[in-house]
Amino acid sequence: IEAVFTTFEIYYKDHCMDTTRPYDGINDLLTKLRAKGYMTAVVSNKVDFAVQDLVKDFFIGQFDIAIGERVYEVLKEFHLGKDEVIYIGDSDVDYATARNAGVDCILVEWGFRDRAFLESLGATVFAKKPEDILKIVG
């Protein structure tokens with residue numbers, strides 16, 4: 001397993017951005033959220049080096065912190081309680097992460113999983129487009 005993971009890491013380091021780009025409207029959304037005083041973070045199930053590279057290349061100045069795989073580190077870094085955080089994602093893994101961390105969750109309909117599938121898990125708050133997130137958070 002360790003040999004496979006090492007091979008994956010070497011390959012992924014060189015290719016993690018091959019077909020990656022921000023979804024339309026995301027940078028504008030982040031700019032508006034930050035203008036309203038929201039702190040923003042990336043918490044990803046991607047390995048940390050990939051998160052750092054992607055944020056550096058696509059989101060300069062848009063996030064206060066970017067980490068892979070560690071929700072509680074963001075809470076600690078921001079000095080926030082679970083009731084002060086909203087986790088935004090597009091998959092069953094994101095929904096499970098938010099539930100397991102005990103934070104509210106908004107799931108988006110333009111990503112990895114469709115709404116019907118996410119609803120089947122119990123998710124109830126959705127954004128059809130990035131601007132909807134601004135309406136939901138106020």
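From a predicted model like this one, the values you see are computed outputs, not experimental measurements. Each chain has its residues counted from 1, running along the sequence as written. pLDDT decides what is reported in this predicted model: residues at 70 or higher carry local features, side-chain atom pairs at 80 or more are listed and counted, and totals for whole chains, interfaces and linings draw on all residues regardless. Each side-chain value is derived from all of the structure's non-hydrogen atoms; neither hydrogens nor water enter the calculation.

Observations regarding the overall build of the chain
The secondary structure listing takes helices from DSSP runs of H or I that are at least 4 residues long and strands from runs of E that are at least 2 residues long, numbered from the N terminus. A count of helices and strands for the chain gives seven helices and five strands. Along the chain, from the amino end to the carboxyl end, the secondary structure elements read α-α-β-α-β-α-β-α-β-α-β-α. Note on method: radius of gyration uses C-alpha positions; expected globular size equals 2.2 Å times residues raised to 0.38. On C-alpha atoms alone, the chain measures out to a radius of gyration of 15 Å, which is about the 14 Å that the 2.2 N^0.38 rule sets for 138 residues. Expressed along its principal axes, the backbone C-alpha trace of the chain runs to roughly 45 × 35 × 30 Å. Buried positions account for 36% of the 138 residues belonging to the chain. Exposed residues in this analysis have more than 50% of their type's maximum accessible area, buried residues have under 20%, and partly exposed residues fall in between, with area computed by a 1.4 Å probe over protein chains only.

Regarding the pairing of strand β1 (residues 41-44)
Consecutive side chains along a regular strand alternate between the two faces of the sheet. Whether two strands pair comes down to DSSP finding at least two bridges between them. Pairing analysis gives four bridges linking β1 to strand β2 (residues 65-68), with the strands arranged parallel. Opposite Val-43, over in β2, you have Ile-67 as the bridge partner. When the strands point away from the viewer, a crossover counts as right-handed if the path from the first strand over the helix to the second runs clockwise. Tracing the backbone out of β1, into helix α3 (residues 48-58) and back to the parallel element β2 gives a crossover that is right-handed.

Comments concerning helix α2 (residues 26-35)
Among all positions of α2, only Ile-26, Leu-29, Leu-30 and Leu-33 are buried. Projected down its long axis, α2 carries its buried residues within an arc of 100°, all on one side. Buried residues belonging to α2 abut α7 (130-137). Once α2 ends, the next one or two residues include Gly-37, with phi positive near 95°. To be clear, the arc concerns the directions from the helix axis to the C-beta atoms. Contact definition: two residues touch when any of their heavy atoms are within 4.5 Å.

Quick notes on the packing of helix α1 (residues 2-15) against α3
Fitted lines through C-alpha atoms give the axes, limited to the stretch in contact for helices. The angle between two N-to-C directions lies from 0 to 180 degrees. Look at α1 against α3: their axes get within 10 Å of each other, and the N-to-C directions meet at 0°. Relative to α3, the element α1 is oriented roughly parallel. Contact residues: α1 offers Glu-9, Tyr-12 and Lys-13, while α3 offers Phe-49, Ala-50 and Asp-53. Taken together, the residues that form the contact of α1 with α3 break down as three nonpolar, no polar and three charged. Angle categories: roughly parallel below 35 degrees, roughly antiparallel above 145, roughly perpendicular from 65 to 115, and oblique for all the rest. Residue polarity is assigned by list, with Asp, Glu, Lys and Arg as charged and Ala, Val, Leu, Ile, Met, Phe, Trp, Tyr, Cys and Pro as nonpolar; anything else, Gly included, falls into the polar class.

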